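# Descriptive analysis of the structure
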Amino acid sequence: MSLTRAWLESFVVAHDICPFAGREMRRDAIRYALAESAELEGLLHELVDECRRLDAEPSIATTLLIAPAGMDDFDDYLDWLELAERLFDDLGYRGIYQLASFHPDYVFDGVEATDAANATNRSPYPMLHILREAELERALASHADPEAIPERNMTLLRASDSKALAASRELLTRSSGKAEG
């Protein structure tokens, strides 16, 4: 989990990619859950377990479910994400929790794989970020212009001298071939 923590601190928080992450990091309210399964079905069970943990422990603001094995292929990862979204609907978690997606090879739909803007969702390991919907709504309400965040991030990462992009690439290079732990 050390590389994921380093990514969150030195990329996401340090470059304000998510203006809400720093507060939760300082409050130590982020759970880093290392998935044990490398199989899709097992990962879905672990996702449900993490939601139940959030149900039982309100002091956890958000959970990063890290999948160091089994989701290396981005298309397989997208299948996991799609099934996870359906599972949220089936279990009545829609409106309670929301998923954000991160993968080392993340590519936004309709964007070239080489576009630096993809770095906003590139992480050392495949992971699903489980956010409490109520926490997210409170954070968005306190931000002056939440709709501008994605555009600001794209501009930041696409800049020719982007320190944020350099930080992201350095962390992703460090994570290549290493198991999270």
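Okay, so let's go over this structure. The structure displayed is predicted, hence computed values, not measured ones.

Looking only at helices and strands, the protein features 7 helices and 4 strands. Tracing the protein from N to C terminus, the helices and strands come up as α-α-β-α-β-α-β-β-α-α-α. Projecting the C-alpha coordinates of the protein onto the three principal axes gives extents of approximately 45 × 40 × 30 Å. Within the protein, counting contacts between residues at least 6 apart in sequence, those at least 24 apart form 72% of the total. Element-wise, carbon and sulfur atoms account for 51% of the exposed surface of the protein, whose accessible area totals about 9,400 Å². With 18 positive and 34 negative side-chain charges, the protein shows a separation of 7 Å between the mean positions of the two kinds.

Of the positions making up helix 6 (residues 149-158), those classed as buried are Ile149, Asn153 and Leu157. For helix 6, the angular spread of buried residues about the axis comes to 60°, placing them on one side. In the core, the buried residues of helix 6 are packed alongside helix 1 (2-13) and helix 7 (163-175).

Okay, the environment of Ile149 next. Tracing the chain through its elements places Ile149 in helix 6. For Ile149, a relative accessible area of 14% translates into the label buried. Sequence spacing of Ile149 and Cys18 is 131 residues, and the spatial spacing of their C-alpha atoms is 7.8 Å. In contact with Ile149, other than residues within four places in its own chain, are Ile17, Pro19, Phe20 and His143.

With that out of the way, let us pick up the pattern of salt bridges. Proximity of charged atoms lets side chains of opposite charge pair with each other. On inspection of all chains with the given rule, the structure shows 10 salt bridges. Between Arg27 and Glu24 there is a salt bridge, with the nearest N and O atoms lying 2.6 Å from each other. A salt bridge links Glu50 to Arg53, with the shortest nitrogen-to-oxygen separation between them at 3.8 Å. Here Glu50 and its partner Arg53 are both found in helix 3 (residues 40-56), 3 residues apart, which amounts to about one turn of the helix. What makes Arg53 partly exposed here is its relative accessible area of 33%. What you see here is one network of salt bridges that share partners, running through Arg31, Glu50, Arg53 and Glu57.

Across the sheet, 4 strands lie side by side as 1-2-4-3; this open sheet has mixed pairing. Edge strands, defined here as strands with exactly one partner in the open sheet, are strand 1 (30-34) and strand 3 (97-102). Between one strand axis and the next, the sheet turns through 20° on average, direction left out of account. In terms of strand pairing, strand 1 meets strand 2 (residues 62-66) through 5 bridges, oriented parallel. Residue pairing for strand 2: Leu34 is matched across the bridge by Ile66. The sheet contacts of helix 1 involve strand 1, strand 2, strand 3 and strand 4 (127-132), and relative to strand 1 the element is tilted by about 145°. Those strands touched by helix 3 are strand 1, strand 2, strand 3 and strand 4, and its axis lies near 160° from that of strand 2.

The rules behind the values
Residues numbered from 1 in each chain as written. Predicted model: local features only at pLDDT ≥ 70, side-chain atom pairs only at ≥ 80, totals over all residues. Heavy atoms only, no water. Helix = DSSP H or I, 4+ residues; strand = E, 2+ residues; numbered from the N terminus. Contact = heavy atoms within 4.5 Å. Areas by Shrake-Rupley, 256 points an atom, 1.4 Å probe, with all protein chains shown as cover. Lys, Arg positive; Asp, Glu negative; His and termini not counted. Charge placed at Lys NZ, Arg CZ, Asp CG, Glu CD. Buried < 20%, exposed > 50% of the residue type's maximum accessible area, 1.4 Å probe, protein only. Arc of directions from axis to C-beta. Salt bridge = Lys/Arg side-chain N within 4 Å of Asp/Glu carboxyl O. Pairing = 2+ DSSP bridges. Axes fitted to C-alpha atoms, helices over the stretch in contact; angles between N-to-C directions.

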